[in-house]
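# What the coordinates show
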Amino acid sequence: MYIYNFGSINIDYVYKVDHFVRPGETLACSSVTSFAGGKGYNQTIALARAGASVKHIGTIGSDGRGMVETLTQEGVDVSNIAVVPDLQTGHAIIQVVPDGQNSIIVAAGANFATGREFVEKALKTASSKDFLLVQNETSCVAEAIEIARQQNVKVALNPSPMDKKILELPLDKVDCFLVNEEEAFSLSGFKDAPESVLGKLHLQFPDACVIMTLGSDGVIAIEPTGAVSRADAYKVNAVDTTAAGDTFTGYFLASVTNGESVKEALEIASAAAAISVTRPGASPSIPYKKEVLDWLRMQRK
Ligand code: RIB
């Protein structure tokens, strides 16, 4: 089985600052570094490092070729990544403050140039054994979900970054939602305790699994059967939280499709995300599965 990840590929420019820049302020940074990122790209790296077979679908400009080479080295099928030389690869401007929190501006660039026909072709051989994973940083997300469902491919949605477009997607065709608290509030139109919001989402999408991350309060999930699972967050010294959610998404999906229970998948994904925040950058911070399992063993001792 394959996980087809139709997702963004960005060049991240990370500025270390002592506070987020305020309106009207000019702020000097202590360092600037560039990393390979994009929610789609990070999730593909996490899936691959977690042991899944991944096919990435997306579009870049010539300036993104190096990132595609990295995906190849990670064992990812890159035959459905289009290179459009006239376009610029997507990029992100990321401020990171001393406690590791970030704020991000994204310029879509080539990520918005993928057309329906390209997605159709990329998913041509996908079948009911496979999953399509999508986020909200590319064009044609709705079309991709429709095409997948026509072929009985299961669909996982990480509605990030959340905006109005998400609510216009064919959400009834999604099998697995991976959301943070804010995204859960927007999807459900309901702001309450996490358990209540999760219950509301279960009523809205009874055939889907809903995974809701709660930051330092861990994660809760509900399956179509109504079974609820939880996992605690791990306490670590955060350096850069960029891609923690992406690491979680990739590791969770790779683990459940590899036959782990939802509870076990939540624990593995939480551990992977915890490790990722202890390192700078987006995709380079994502650990390999062996490290995650060793780390988890130590935590459980
Ligand atoms: O989730 C983190 C990612 O969001 C960054 O890598 C950046 O590119 C933006 O897409």
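Further up the page is the structure itself.
Residues numbered from 1 in each chain as written. Predicted model: local features only at pLDDT ≥ 70, side-chain atom pairs only at ≥ 80, totals over all residues. Heavy atoms only, no water.

Let's shift gears to the side chain of Thr 44. Of note, Thr 44 is situated in helix H1 (residues 39-49). When residues no more than four places from it in sequence are discounted, the contact partners of Thr 44 are Asn 5, Val 54, His 56, Leu 71 and Val 76. (Helix = DSSP H or I, 4+ residues; strand = E, 2+ residues; numbered from the N terminus. Contact = heavy atoms within 4.5 Å.)

This part takes up the pattern of salt bridges. Counted according to the given criterion, the structure contains 13 salt bridges. Ionic pairing is found between Glu 267 and Lys 263, a salt bridge with its closest N-O pair at 3.2 Å. Separated by four residues within a single helix, Glu 267 and Lys 263 lie in helix H9 (residues 262-276), roughly one turn from each other. Of the residues examined, Glu 267 reaches a relative accessible area of 16% and is grouped as buried. Residue class for Lys 263 comes out partly exposed when judged on its relative accessible area of 39%. Across the salt bridge formed by Glu 267 and Arg 300, the nearest N and O atoms sit 2.4 Å from each other. Placement of Glu 267 in helix H9 and of Arg 300 in helix H10 (residues 289-300) is noted, with a sequence separation of 33 residues between them. Taken together, the salt bridges that share partners define one network made up of Lys 263, Glu 264, Glu 267 and Arg 300. (Salt bridge = Lys/Arg side-chain N within 4 Å of Asp/Glu carboxyl O. Buried < 20%, exposed > 50% of the residue type's maximum accessible area, 1.4 Å probe, protein only.)

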